[in-house]
Amino acid sequence: MTSEALHYWILVLDLESFSTRSDLIQRSMRDAMYKVVESAFAQVGIDRGVVVAEDRGDGILMLVPPTISPVRLAGPLVRALDDGLREKAQVFSSAHSLRMRLALHQGLVTKDRHGWSGDAVNMACRLVDAQPLRDVLEAAESAHLAFIVSGQVYDGVVRHAHRGIDPAAYLPLQFTTKHGEVVESWITVPGFSAPPGLPPRPKAAAEPKPAALSPFAASGGAQPDNGDGARAQDGAVGGSAIQVGVVHGDVVGRDKVVHQQGPVRW
């Protein structure tokens, strides 16, 4: 029986170069992966009992209930995972290097007797499998984790710079799936000011400077025209700026209409 669709924060992690290792190394890597994940959740105070986890062989699909703040997932949890991977790197050989890609998305998910599904799950898997994300982790040789978020998560969570999250360390990535779908996402690599291999974020356009205004225009009025296209000249009487010109016919002067011909002062 299929359950009602529910909203979750969706985390998908995948180990780098898992299938190239021997069976013995793969088993050891999986054991280390789960220890790092369990330790990270405990470190940030998230009960693993409320997190739905599905084993993916070389990774894990995790559904986190909406009662858990996404700020904790995108900030402290990512740091805790990176710290755990760095600790493992100190005792593992290069043949056993443990590096991972991690994706965060959100949306509705449905459970049936076989497991969990939904377009949001599909999107999270597309993010973690994106070739540009793989390329970023490969380029960041000293890193242990590359983190990608969907455009929705970036707009709703990351860009607001909550404590523990630095939007400046993210760069945008647009990629096309094998089905031709264009996906907007953002990538960061813990320990790097910006993910290597991606073009820098375009600089914002400079604000145009306002044009200089004459004293009369700055006061809210328009300079009178003498009929020949010439503007009034500025003068000064008693220290006050005045506008002097020649008018022909009706001219609006501030809050009154002047009906005269010849010089006029405001």
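By convention here, each chain's residues receive numbers from 1 onward along its written sequence. A pLDDT threshold of at least 70 governs which residues receive local features in this predicted model, and a stricter bar of 80 or more applies before side-chain atom pairs are shown or counted, although totals over entire chains, interfaces and linings include all residues. Computation of side-chain values covers all heavy atoms of the structure but excludes hydrogens and water.

### So, the nonpolar core
Buried residues of nine kinds, namely Ala, Val, Leu, Ile, Met, Phe, Trp, Tyr and Cys, make up a nonpolar core once their side-chain atoms join them within 4.5 Å. The cut-offs for exposure are 20% and 50% of the maximum accessible area for each residue type, with area from a 1.4 Å probe on protein chains only; residues under the lower value are buried, those over the upper are exposed, and the others partly exposed. With 41 residues, the main nonpolar core has L11, L73, L104 and V149 as its most contacted residues. Here the element with the most residues in this core is helix α2 (residues 70-91); it accounts for 8 residues. Residues are treated as being in contact if the distance between any of their heavy atoms lies within 4.5 Å. Residues in contact with L11, not counting those within four places in the same chain, are F41, I60, L61, M62, V64, L73, L77, L102, A103 and L104. Judged by nonpolar contacts, the second largest core, of 30 residues, contains L61, W116, L133 and L137. For helices the rule is a DSSP run of H or I covering at least 4 residues; for strands it is a run of E covering at least 2, with both sets numbered from the N terminus onward.

### Quick notes on the pairing of strand β8 (residues 182-188)
Counting buried positions along β8 gives 5 out of 7 residues, so the element sits mostly inside the fold. DSSP calls a pair of strands paired once it identifies at least 2 bridges connecting them. With 4 bridges joining them, strand β6 (residues 145-150) and β8 adopt antiparallel strand pairing. When the bridges of β8 are listed, I148 appears paired with I187. Of the pairings in the sheet, the one linking strand β7 (residues 171-176) to β8 comprises 6 bridges and is antiparallel in character. In the sheet register, P172 faces β8, and the bridge partner there is W186.

### Some thoughts on the pairing of strand β4 (residues 100-112)
Within β4, 10 of the 13 residues are buried, leaving the element largely enclosed by the surrounding structure. In the sheet, strand β1 (residues 6-15) pairs with β4 via 10 bridges, with the strands oriented antiparallel. Bridging from a neighbouring strand, V12 pairs with A103 of β4. Relative to β6, β4 runs parallel, the two sharing 5 bridges. Residue L104 lies in a different strand from β6, and its bridge partner there is V149.

### Let's talk about the pattern of salt bridges
One side-chain nitrogen of Lys or Arg within 4 Å of one carboxyl oxygen of Asp or Glu is enough to make a salt bridge. A complete count under the given rule lists 9 salt bridges for this structure. Among the ionic pairs, D55 bridges to R30, the shortest N-O distance being 2.9 Å. Linking D55 in strand β2 (residues 52-55) with R30 in helix α1 (residues 23-43), this pair joins segments that are 25 residues apart in sequence. One salt bridge in this structure joins R134 and D129, with 3.5 Å as the shortest N-O distance. According to the relative accessible area criterion, R134 is partly exposed, its value standing at 31%. Given the relative accessible area of 39%, D129 is considered partly exposed. Within this structure, D14, R101, D129 and R134 form a network of salt bridges that share partners.

### Things to note about the packing of aromatic side chains
Think of it this way: a Phe, Tyr or Trp ring, Trp meaning its six-membered ring, pairs with another when their centres are within 6.5 Å, and the plane angle makes it stacked under 30 degrees, edge-to-face over 60, tilted otherwise. Throughout the structure, instances matching the rule amount to 3 aromatic pairs. Considering the side-chain rings of Y8 and W116, the 5.5 Å spacing of their centres and the 80 degrees angle between planes classify their relative orientation as edge-to-face. Here the residue Y8 occupies a position in strand β1, and W116 occupies one in strand β5 (residues 115-117), the gap between them amounting to 108 residues. Here Y8 matches W116 in class, with each residue buried.

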